[in-house]
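Descriptive analysis of the structure
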Amino acid sequence: MAAEAVGSGGGSPSSARRRLRIISGHLRGSGRAALSPSPCKAQGGPAGPAAGSIPKKRQELLKWNGWGYNDSKFIFNKKGQAEFTGKRYRLGGMVLPTFKEWIEKTFGASLEHKTTSRASLNVNDVPPSIVNEEFLQDLRATNISYSQDAEDRVFRAHGHCLHEIFVLREGMFKRIPDIVVWPVCHEDVVKIVELACKHNLCIIPFGGGTSVSSALECPEEEKRTIISLDTSQMNRILWIDEKNLTACVEAGIVGQDLEKQLGESGFCTGHEPDSMEFSSLGGWVATRASGMKKNIYGNIEDLVIHIKMVTPRGIVEKNCQVPRMSTGPDIHHFIMGSEGTLGVVTEVTIKIRPLPEYQKYGSVVFPNFERGVACLREVAKQRCAPASIRLVDNAQFQFGHALKPQVASIFTSFLDGLKKFYITKFKGFDPNILCVATLLFEGDREKVLQHEKQVYDIATKFGGLAAGEDNGQRGYMLTFVIAYIRDLGLDYYVIGESFETSVPWDRVLDLCRNVKERIVRECKEKGVQFAPFSTCRVTQTYDAGACVYFYFAFNYRGISDPIHVYEEIERAAREEILANGGSLSHHHGVGKLRKRWMKESISDVGLGMLRSVKEYVDPNNIFGNKNLL
Amino acid sequence: MYSKELTSKKRDEFEDILEERRLSSDLRYAMKCYTPVIYKGLSPCKPNAIKTAVLQSEQVQYVIKQLAKEMGESPDIIQEEATEILDEMGHSMQLGAVRFFISFCLSELFCKYWSNIVCSVFLFQLQHAIQEHPVVLLPSHRSYVDFLMLSYLLYTYDLALPVIAAGIDFLGMKIVGELLRRAGAFFMRRSFGGNRLYWAVFAEYVKTMLRNGYAPIEFFLEGTRSRTAKTLTPKFGLLSIVMEPFFKREVFDTYLVPISISYERILEESLYAYELLGVPKPKESTSGLLKARRILSDNFGTIHIYVGQPVSLRTLASGRINLCPYNLVPRHLPQKPSEDIQEFVSDVAYKMELLQIENMVLSPWVLVAAVLLQNLPAMDFELLIEKTVWLKGLTQTFGGFIEWPDNLCAKKAVTSALALHSNIARLVNGHVVLNDKGEEDGAIGEIVFKRALAILMCGNYRNQLLNVFVRPSLVALALQMTRSFRKEEVYSCFSILRDVFSDEFIFFPGISLKDFEEGCFLLTKCDAIQTTQQEIYLTDKGSVIVSFLSAMFRPFVEGYQLIFRYLSKETREAFTEKQFVPGVRNFVFQLLEKGNTQCYEALSSDMQKNALAALVQMGVVLLIFKIITIEDPATGPHIILTVS
């Protein structure tokens, strides 16, 4: 299962919903058919997958060497102005007049210095598919769809780490899956795992492909045939239980389809990781995902009621669908975060909620980051966090500012000017220090308004000024466009990535400052000639701490091996996080990228405990993606 | 560990800061426009605001609550106590006072009594450091003059003025104490290990200033003025306090700046000699200082200040320490540092002291003193010059940093050194002699005392050479003692000597072999020895050097033997340190009176304490008793060898 959550994708729920409507419009079939109560019956013709938003041939809709949809990207138009193409997002078709200047100022990049990716995948470079004929015969007998096509295989050989995208643009992976299979139901998965055990092959589960932990990369030294088990065709909602507010869903469904289909029945899960357009339910489970609105709905571990997983040792599941049980350590916790090392999650029963009646965005400007963090801490203390509350630092605030589309009316621009005047001149906020919190409230109209007042009252105590709904909404937009921006940056010698951590409240400020400073210092030491863009935001609040998200990018002109330099700096930044009392990961997971710190993170004995589970469940390492352990 | 580069070029890096001062008025200097560079993250605040912040800090409040619970008292009472501690401790730096005190008074003094104050002009590094991260200034400590020397320097160069850790005894001096306080001194009690409240308040006070980047923090690693001009072994308490914010990642980095302040002539030279001989040190008092002023009618030569390159604590710590323990306990709880951390702090302390030593400036007189002490009671002037020049070459080979202008002829250098130190030695009929006689012949005790005084005073100058010479010299000593060519044997002897003298000289902990190799390297460099894989040979030229080097350290070898002898023969039961020092002193004094030893330096209380400390550290105090009684103590260095 693919990891969820590269820092991109979701956007605001309402825009997501608008987006979904558009998408569903031009995709054949409707989601209705998916609500079939019958499980997959292998004989008599398969029940068949529902028509999801992402086709089986992913290349038809998605970029082969970058993030997201083919039709959506940042470009510089003929006038040299930045523009976002396509009609899927709110920003689509809009001109961003100040963006070019921001890029030039922030990165020292120039439009004249351009790198170009290969135009398309060169099939001849792709490692050949080596699959044993006996296995193929057995596979054909099961009627499960498969492919040995080079494009299909390359598409499932990577996630969205910087180095992976870089390889796609300029080189080729040394090892990729030999064959892609598309089971359409739990029973298909059982058959595939049995065959893999029989022929001693390696399975790497694939969900949405949004991993940012090198989790999908094939181990180079793997000599066995690698099967990429693509769960995307297992995407039906099997049933909805309105009395208990649960739904049983096949694990391959992607976030946007899940919400869309539940929405048609008036429900939602409320789980909205930033990658929800592409990432899958199974992937969320396998990486311990976290959603933007976890304050109301909870993280994946709070949402899951029941999990069915196919392992080489057999099927693991609980015997009932209850809110809690005391039967020894919770076996769900072996599964959640197992990153595809133990088996394939096939079906998940997940909590659902009625769709919220009312949503409202908001934003607050603080004189500085310290005050902002203090305010978030107080909000967390009073346990009155809205569905989402995020605090971006000044650099990210300016970044958001640069993404402001051209304003249509003079009146709006006049208002903007007035707002700016009020905040900087009248209230004395320094535009180079101030920072912004974005808010999203959800629920009954009345309660939302009440809640809103409570939060703004707290903010006032910390010197915060309400800064309007628009700014809030744009803040959330920033989250999903940033991954598209990376592809633009790559064209102009700018590489970057995001990474995250969780940290106790009292260390938030120190950690943010030290990590940013470490990045700047490492860049200097490693010969990066331009000051890096290193910025952070507090994206989740908890009783005891917060989740902090960093963006880091730099202009690599003049460096011969930018990816290596980048990785060394990212590694240093992670060391710094750990030294500052932060965690190895809040929700991206470990994959292969962060394995080296696992022992330090969970102790020798802890690692041994996980290993012994792996040894029992999968003694022949069929699930051999080498993640985590 | 030790820099091998020659330092002859360093001289070009110095600049006289009195020169300009002499040309303009003190008043104008005091009123000069002072806009120093400051720490980039500084949030400016008044001294009282710091005190309030300290009192209200979680750290101090935690200890207050703990103590209140344990003693069953109300927290208010303990809070009150904490406030009193803070008031006693806190500085109240005022620019006005600094201007008056530092620029006006000190300029006055400095200009009058010192011919030059010369400082390294590489201050831009310090300037850069002060802006980047919190800075800790770590000067050497040879004299009271050190206290405001740096403030004077930083003021002159428009750099942020430091706050300075001073001993509480200064507060006994009425006006001076308060003046120092206004000039940025804060006061710490000499010992407060057991007092948790005091420790918490003090540590938090220092850390608050550091975290805010309020001002550079200045303190003396040696803890007190070195009475012997040898660098004292470092104290770790304050250093570990200033390092903690980095360990806890409350700051990104901290710069440690080793600073060497070298005096051509030390203000307290005779005072120190008296003190070492057990004539009690006068309590710090204002009138004492005024009297000290009278001493100042003399010329005291040149002061050299070398501001070393700021050392990044982060770089030192990189890859060395596991910060995990700090992540598992709330940061405001007092936490005993782990063994790793303690070891690291100790390593850093030694490293900083070694850097101080490296940049100490040695005057020609230091060389003269070293030669003279090997040629008592009198030495031919020409021979002295010749030997001094020879020693100059050797010192430079060993990396010593000598202030001896290229164009200055040897005779002039020695003559002017003698002139500046005429209270110690003088030229009589073409011979140089120590001033070791009283006005008239007194009792034998009186004679011994006077002679000891002169030798200790002279010795305190020679001492400035010792840390530069100690590694090759201990190799030389080991060669003489073992009379062996086998490297292994020589090394094992070296290593014992190194352990025995571990409190006497500064060695980086735990790298005995490296020190040995360094010593051999330097001896090879001056052609004294040749080494093969297994063996060490003396060259023809080598015997002169080797015997000079071992003679240089002989007072210590013999002194330690006397002390061991005292321990083995004279004390049969447990004793306290208070009994120990006068006990040894009397013992040695009697031997000197009878003429049974010539080792006057064994009278030095410093040496006595160091010897005892080393023995205790090695855990051999008891062992020593047995072995020394077997050996004949008069036969020389072999005794120490047998300890092993």
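Under the annotation held in an unreviewed UniProt entry, chain B carries the name Dihydroxyacetone phosphate acyltransferase and is attributed to Cairina moschata. Database annotation for chain B, UniProt heading Subcellular location (unreviewed entry): "Peroxisome membrane". As recorded by UniProt, the Sequence similarities (unreviewed entry) comment attached to chain B reads in full: "Belongs to the GPAT/DAPAT family."

Chain A is annotated in an unreviewed UniProt entry as Alkylglycerone-phosphate synthase of Cairina moschata. Per UniProt, the comment on chain A under Subunit (unreviewed entry) is "Homodimer." In its Sequence similarities (unreviewed entry) section, the UniProt entry covering chain A states "Belongs to the FAD-binding oxidoreductase/transferase type 4 family."

Let us now look at helix α2 (residues 99-107) of chain A. Residues and elements named next belong to chain A. Among the residues of α2, those classed as buried are Phe99, Trp102, Ile103, Thr106 and Phe107. Along the long axis of α2, the arc covered by the buried residues comes to 100°, so they all point the same way. Facing away from the buried side of α2, by more than 90 degrees, are the exposed residues Glu101 and Lys105. Looking one or two residues past α2, Gly108 carries a phi angle of roughly 65°, positive in sign.

Taken together, the contact pairs 13 residues of chain A with 18 residues of chain B. Across the interface of chain A and chain B, roughly 1200 Å² is buried in total on both sides, 33% from carbon and sulfur atoms. When residues of chain A are sorted by the area they lose upon contact with chain B, Arg507, Glu517 and Arg521 of chain A head the list and together hold 44% of the total. Counting across the interface, chain A meets chain B through six salt bridges. Linking chain A with chain B are 13 residue pairs in polar contact (both at pLDDT 80 or more), by the criterion used here. At six residues, helix α17 (residues 508-525) of chain A tops the list of elements feeding residues into the side of chain A that touches chain B. Its residues assigned to classes, the side of chain A that touches chain B comprises two nonpolar, three polar and eight charged.

Here the focus is α17 of chain A. In this model α17 of chain A runs 26 Å from its N-terminal to its C-terminal C-alpha over 18 residues, within 8% of the 26 Å that 1.5 Å per residue would give. Positive phi appears at Gly527 of chain A, one or two residues downstream of α17 of chain A, with a value of about 85°.

Bringing the sheet that holds strand β14 (residues 431-434) of chain B into the picture now. Residue and element names in this part refer to chain B. Pairing is antiparallel across the open sheet formed by three strands, whose spatial order is β11-β14-β13. In this open sheet, the two strands that pair with only one neighbour each are β11 (378-380) and β13 (425-428). The sheet shows a mean angle of 30° between the axes of neighbouring strands, direction not considered. In this structure, β13 lies alongside β14, joined through four bridges in antiparallel fashion.

Another aspect to go through is a negative patch on the surface. Residue and element names in this part refer to chain B. Taken together, the side chains of Glu73, Asp76, Glu80, Glu81 and Glu84 define an acidic patch exposed on the protein surface. Its location among the elements puts Asp76 in helix α5 (residues 75-89). Taking the relative accessible area as the measure of exposure, Asp76 reaches 59% and is therefore exposed.

How each quantity is defined
Residues numbered from 1 in each chain as written. Chains lettered and ligands numbered in written order. Predicted model: local features only at pLDDT ≥ 70, side-chain atom pairs only at ≥ 80, totals over all residues. Heavy atoms only, no water. UniProt positions renumbered as here; feature names shortened; annotations may be inferred. Buried < 20%, exposed > 50% of the residue type's maximum accessible area, 1.4 Å probe, protein only. Helix = DSSP H or I, 4+ residues; strand = E, 2+ residues; numbered from the N terminus. Arc of directions from axis to C-beta. Contact = heavy atoms within 4.5 Å. Buried area = accessible area lost by both parts, 1.4 Å probe. Salt bridge = Lys/Arg side-chain N within 4 Å of Asp/Glu carboxyl O. Polar contact = N/O pair within 3.5 Å; in protein donor to acceptor, adjacent residues only side chain to side chain. Nonpolar A, V, L, I, M, F, W, Y, C, P; charged D, E, K, R; others polar. Expected span 1.5 Å × (residues − 1). Pairing = 2+ DSSP bridges. Axes fitted to C-alpha atoms, helices over the stretch in contact; angles between N-to-C directions. Patch = residues over 30% accessible without salt bridge, like charges linked within 9 Å, V, L, I, M, F, W, Y side chains within 5 Å. Areas by Shrake-Rupley, 256 points an atom, 1.4 Å probe, with all protein chains shown as cover. Lys, Arg positive; Asp, Glu negative; His and termini not counted. Charge placed at Lys NZ, Arg CZ, Asp CG, Glu CD.

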